[in-house]
Amino acid sequence: MLAADAIELSSGWFLENAWLVGLIPVIGFAVIIGFGKRLPMKGAEVGLASMAISLVIALGGVVQWIQRTNSADTGEEAGSLIQAFGRTLPQATEGEAKPFVTPVVTSWVWWQNSGLEFGIGSSIDGLAILLIALVAFITLLVMIFSVDYVRGDRRYTHFFAAMTLFSGGMLIMVMSENMVQLILGWEIMGLTSFMLIGHWWEEEANSRAALKAFFTVRVGDVGLLVGTAIIFFGANQWAVDNLDSNGFNIAAIQAWALSGEANTQFLLWGAVALFIACIGKSGQFPLHTWLPDAMAGPTPVSSLLHSSTMVVAGVFLVARIYPVFWEGFNIGTGGLSFIAIIGAITIVIAALLAFVQDDIKKVLAYSTVSQLGYMMLGLGTGAWLPAVFHIFTHAFFKCALFLCAGSVSHSGSHHSFDMKKDMGGLRKKMPVTFAAWCVSTLALTGVFPFAGFWSKDEIIDNVGANGYTFLMWVGLAGAALTAMYMTRATYLTFFGEPRGAAAGHGHDDAHAEEHEMEHIGVGAPEPRSLGAAANAHGDDGSDHSDGPHESGKLILIPIVILAFFAVTAGFANPTPLASRFGEGVEVLKTYVEPRATPISTGEVIASGPGESVRIVTPSVAPSAEGGEGEGGHSKSGCGFTAPETGTVCFFPGVSHAEPKFAKILLSLAIVAVGYALAIAFCVAFYGRRDERLVGLTERNRALRGGFLFLKNKYYLDALYENVIVRAIAHPIANAAYWVNQKVIDATVNEVGIGTRKTGQWVYDNIDQKVVDGAVNGSGWAASEAGHGLQSTQSGKVSQYGALLFGAAAVGAIVLVLVNVS
Amino acid sequence: MLAVNFLLLAAALFSIGVYGVIARRNAVMVLMSIELILNAVTLNLVAFALMNGAIDGQVFALFVIAIAAAEVGVGLAMVLMIYRNRKSIALDELSEMKG
Amino acid sequence: MSALILAADDINVAQNVAFGIIAAMMIFAALSVVTSKNVVHAALWLVMVLSGVAAQYILASAEFVAASQILVYIGAVMVLFLFGIMLTRAQIGKEAGLNNKGWALGIPVGLLMFGLLAWVILDAFDDQVLPDRGATPTVLLSDQFLSIYLVPFIAVSFVLLAAAIGAIVLARKD
């Protein structure tokens, strides 16, 4: 492929019509809202159907994208489906540039203003189609889970409506081809997150949690808007000049960032602002406080939004517009970037907080925050592919973990999530859930050969290989902490003596505890009203009489499927195996990671909606695919040098670390040590109640201080709410109130008074004097005229006679005069 | 003799009758003035009959006389009635139709 | 308008003289009718006017009309008037206030009428001379009445009937 060949890239119906994937859930939402309550399954079937259709289209898109990439790599026309799977993958020899596979774009202009066109539609490339398929798949499974889990809820239909709309919003965001559509999807997600967290808004704790989530993310969203604006103003002129596009188009932004002509200030501050949005949405320090509170929502919501899909929106944003961050933070040249630091801090602090939680969902929430920190760490240090791979695997096992927690609460602990009070020893009663939980935990902690091992260790490996040794150790420490807190949670839930509801205690006890927990506000996100609890009882009335038991099929099947993927998803990109089995095993690297190859601008512009584009492979291969050999950085090519005139780059040449056996062993060893310590501690502390350990925090002041610090979440909530919000909100509120009373009300009152006085004046002067005067005057004139003429009606005959003869004489005179003269 | 003789004479009688209708207060006096007027007209008719040699004027004059008689009869009957009701036939007191 | 009135050459002087005397007398009597202070005197003056009119009819060769004038007007109408005067208790003798308040208005009206009529008459019939006819045979009148003017003749009889009945009805004492 050295010669400049023109290649026809294959496209396909699924790729060109991928916008349906975003549209169908939105339509589903409207249908559920309109007709859901009258349907036999109360709207759930519409949600399931729309997600199933979206999944089918997404999977079709995956297949066609694979074909497209193959047709680009092999230089042949699009092969058949069998060919695409059967052929060994890319024929390009090592060290040669693989051609850039342009995304399939289908968009319509929905508004234009002075030449600036705003489009809506889809732009499908590897990252987009991966996430679309992932979101559709996970949402479908969670919806199946919810059919049984949420049964009997007072707002069953709206739950499904909101969930369908959420997935529509996320899909819209993922497939967007410009920033405006991305913001649209982002905001839809924020809205539905609010709706779903506050699903049981009758309890104040839940509505406060929903508001906290919304506002905290909102603080970040300011960064999104500011960042979009900065990038627009930076990129627009370049995009118009070079690509016949505008500053909102994501591809144009990517090309602009890597063009070398971009103003570094725009890049830097745009990157900072956009990353602030990611901090908010993806729960990074310091805006992570909303995520644990968001566990107030129903478990399916936690498993879908706040673990697998919505919270990775921030990570997706960074991955999508990666060139901006790459150039803005100089990731390529090894600078310690803002993203990496935040990510590293988040890993540690969230992991520490997970130790002191009694609520199983909060443990998982902090775990999610920590794992998101891993993804950000990866992106911040140039490990793009491992971070995206971690999104992929994390979705499976974290969703499985949450669904297991839901299953436990649904059938094991009488709707309670408190591990210390209502769980324990459930492994015998709920074997399937226990098995899935264990598998997912092993995946989460990165044990070979489960999914997390391949992705998380890749991140850590690349972080180290790119030169960030300290951050690598932070990542390893985080892995150890992950193992420890997950062990604690596992032990409290599934081992030991059954406590509380897990022991099958009667309704009264459990209820009293639940309500007590509600009032304290600690732990129990179990915020149903008494009536709804009664509803729930009505549905599984038989459950409580015989204590904890395994959940029903609709709950277990999604869990099992997800656990299966937690085991196997890692093999989508098992880099350590590449040296033995060839690069072909690295599926995500081939098909998802964009190629750092320049393509000529003429070809970019020529590619229209869904059309195959003819691309020209460069005659000289810039070694953008560096790092295969030594793990070093390649210092030329996209992301490092400006592309030649007439060509544009869309993705920087990220490096890939060569996996070393020693590093793998090291991380596994650290995880094993973590497990060992944790198991020993749990057995000693929770099991045997070892005297040395029990009450340690009360006896030791330092430990107690640390414990309280963690328990109060580093006092961040107090800082945000009591100090910052109060200092800003109260004066504003007072000022607004003053304006309302003194200015607005005064104005309104004055207008009213003025109107009244004007009316009075008009009445007195104009109405009474002029109008009435005219009316009266005309009457007076008529009457006086009548009076005046009355004298002729004297009733006297002689006068009448005088008049008669006089008039006759006059008339005669007139006649005579007329006739004679 | 000149035609104008009769005609002027009739005109004079007519004018005097008009004055009488206007100026007189007593209802009977007014009726008498009306008789004057009628006679003036009748004189005119006869004079024209003489002028033109047609006898129709005299025929018409006879008609006028007859009608005048009828009119006086009825008129005086009405005056009598008024007198019975009002005890007065001063026309300036009979202004019930005053508007 | 040439020599106006009565003395002209080829005119029957006697006729003119007679006419003139009778006319003067009539005018004077008519003025007395409307200015008399005594109602009965006014009635008698009216008799004079009426008889003067009859005399003029004779001068105008309308003998039958003169005769019926005397018979009807003087004989019946004036008697009727006198009855009327008596029955309405008009004072015998002078009485004041026979003119109503606006009597002065009558003078200009009368003068205006006379002036107008005189001017028109003089303008129209400037020097026309009346022909000299002999007596009008009554048979001519009756011929007219009973042929051409038959219907009005019958109608007049109805009118008289109606008037008589009406007068009776009106003046009944009920």
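What you are looking at is a predicted structure, and each value in this text was computed from that prediction instead of being measured. (Residues numbered from 1 in each chain as written. Chains lettered and ligands numbered in written order. Predicted model: local features only at pLDDT ≥ 70, side-chain atom pairs only at ≥ 80, totals over all residues. Heavy atoms only, no water.)

**Observations regarding the overall build of chain C**
- Summing up its helical and strand segments, chain C has six helices and zero strands in all.
- Start at the N end of chain C and walk to the C end: the helices and strands fall as α-α-α-α-α-α.
- For chain C, the proportion of its 174 residues judged to be buried stands at 36%.
- Looking at chain C alone, contacts between residues at least 24 apart form 62% of all its contacts between residues at least 6 apart.
- On chain C, roughly 9,700 Å² of surface is accessible, and the fraction owed to carbon and sulfur atoms is 73%. (Helix = DSSP H or I, 4+ residues; strand = E, 2+ residues; numbered from the N terminus. Buried < 20%, exposed > 50% of the residue type's maximum accessible area, 1.4 Å probe, protein only. Contact = heavy atoms within 4.5 Å. Areas by Shrake-Rupley, 256 points an atom, 1.4 Å probe, with all protein chains shown as cover.)

**What to know about the nonpolar core**
Residue and element names in this part refer to chain A.
- Residues Phe 325 and Trp 384 are the most contacted members of the largest nonpolar core, which totals 219 residues.
- Tallying contributions element by element places helix α5 (residues 126-149) first for this core, with 19 residues.
- With residues up to four places along the chain from it excluded, the contact list for Phe 325 reads Ala 271, Leu 274, Phe 275, Leu 317, Val 318, Asn 330, Ile 331 and Ile 339. (Core = buried A, V, L, I, M, F, W, Y, C linked by side-chain atoms within 4.5 Å.)

**A short note on the interface of chain C and chain A**
- With 10 residues of chain C at the interface, the matching set in chain A holds 10 residues.
- Taken over both partners, the interface formed by chain C and chain A buries close to 740 Å², and the fraction arising from carbon and sulfur atoms is 86%.
- Applying the counting rule to chain C against chain A returns zero salt bridges.
- Our count for the chain C to chain A interface comes out at zero residue pairs in polar contact (both at pLDDT 80 or more).
- Along the lines of polarity and charge, the residues of the side of chain C that touches chain A split into seven nonpolar, one polar and two charged. (Buried area = accessible area lost by both parts, 1.4 Å probe. Salt bridge = Lys/Arg side-chain N within 4 Å of Asp/Glu carboxyl O. Polar contact = N/O pair within 3.5 Å; in protein donor to acceptor, adjacent residues only side chain to side chain. Nonpolar A, V, L, I, M, F, W, Y, C, P; charged D, E, K, R; others polar.)

**Brief notes about the pattern of salt bridges**
Residues and elements named next belong to chain A.
- In this structure the tally under the stated criterion is 13 salt bridges over all chains.
- Where Arg 218 meets Glu 187, a salt bridge forms, and the shortest distance between an N and an O atom there is 3.1 Å. On the criterion of sequence distance, the pair formed by Arg 218 in helix α8 (residues 204-243) and Glu 187 in helix α7 (residues 179-197) is long-range, its members being 31 residues apart.
- Glu 187 sits in the partly exposed class, given a relative accessible area of 22%.
- Connected through salt bridges with shared partners, the residues Arg 154, Arg 155 and Glu 202 form a single ionic network.

**Digging into the pairing of strand β2 (residues 104-113) of chain A**
Residues and elements named next belong to chain A.
- Of the pairings in the sheet, the one linking β2 to strand β3 (residues 116-124) comprises nine bridges and is antiparallel in character. Among the inter-strand pairings, Val 109 is bridged to a residue of β3, identified as Gly 119.
- In this antiparallel pair of consecutive strands, β2 and β3, the connection spans two residues, and Ser 114 shows a positive phi of 45°. (Pairing = 2+ DSSP bridges.)

**A few points about the environment of Asn26(B)**
All names here are of chain B.
- Relative to the helices and strands, Asn 26 is located in the loop between α1 (3-23) and α2 (27-52).
- Measuring from C-alpha to C-alpha, the distance between Asn 26 and Leu 91 comes to 6.2 Å, with 65 residues separating the pair along the chain.
- Of note is the side chain of Asn 26, whose polar atom sits 3.1 Å from the backbone nitrogen of Val 28.

**Some thoughts on the interface of chain B and chain C**
- Contacts between the two partners involve 67 residues from chain B, matched on the other side by 87 residues from chain C.
- For the chain B and chain C pair, buried surface summed over both sides reaches about 7,000 Å², with 77% attributable to carbon and sulfur atoms.
- Linking chain B to chain C there are zero salt bridges.
- On inspection of chain B and its partner chain C, the count reaches 11 residue pairs in polar contact (both at pLDDT 80 or more).
- Elements supplying a minimum of two residues to the side of chain B that touches chain C: α1, α2 and α3 (56-86) of chain B.

**Details of the confidence of the model for chain C**
- With 88% of its residues at a pLDDT of at least 70, chain C reaches an overall mean of 86.
- Taken over the whole predicted complex, pTM reads 0.64, whereas the ipTM for its chain interfaces reads 0.91. (pLDDT = per-residue confidence, 0-100.)

**Overview of the packing of α2(B) against helix α2 (residues 39-59) of chain C**
- Viewed as axis vectors pointing N to C, α2(B) and α2(C) meet at an angle of 5°, and their least axial separation amounts to 11 Å. The pairing of α2(B) with α2(C) is recorded here as roughly parallel in orientation. In this structure, α2(B) uses Met29(B), Met32(B), Glu35(B), Leu36(B), Asn39(B), Thr42(B), Leu43(B) and Val46(B) to contact α2(C), whose residues at the interface are Val39(C), Ala42(C), Ala43(C), Leu46(C), Val49(C), Leu50(C), Val53(C), Gln56(C) and Tyr57(C).
- When grouped by side-chain class, the residues that make up the contact of α2(B) with α2(C) number 13 nonpolar, three polar and one charged. (Axes fitted to C-alpha atoms, helices over the stretch in contact; angles between N-to-C directions. Parallel < 35°, antiparallel > 145°, perpendicular 65-115°, else oblique.)

**What about the side chain of Thr393(A)?**
Residue and element names in this part refer to chain A.
- Along the chain, Thr 393 turns up in helix α17 (residues 384-411).
- Exposure remark for Thr 393: the relative accessible area of 0% places this residue in the buried category.
- Here Thr 393 is in contact with Ala 451, Ser 455, Ala 569 and Gly 570, once residues within four sequence places are set aside.

**Some points on the environment of Ala60(C)**
- Within the element layout of this structure, Ala60(C) appears in the loop between α2 and α3 (63-87).
- Once residues lying within four places of it in the same chain are set aside, the contact partners of Ala60(C) are Phe6(B), Val46(B) and Leu50(B).

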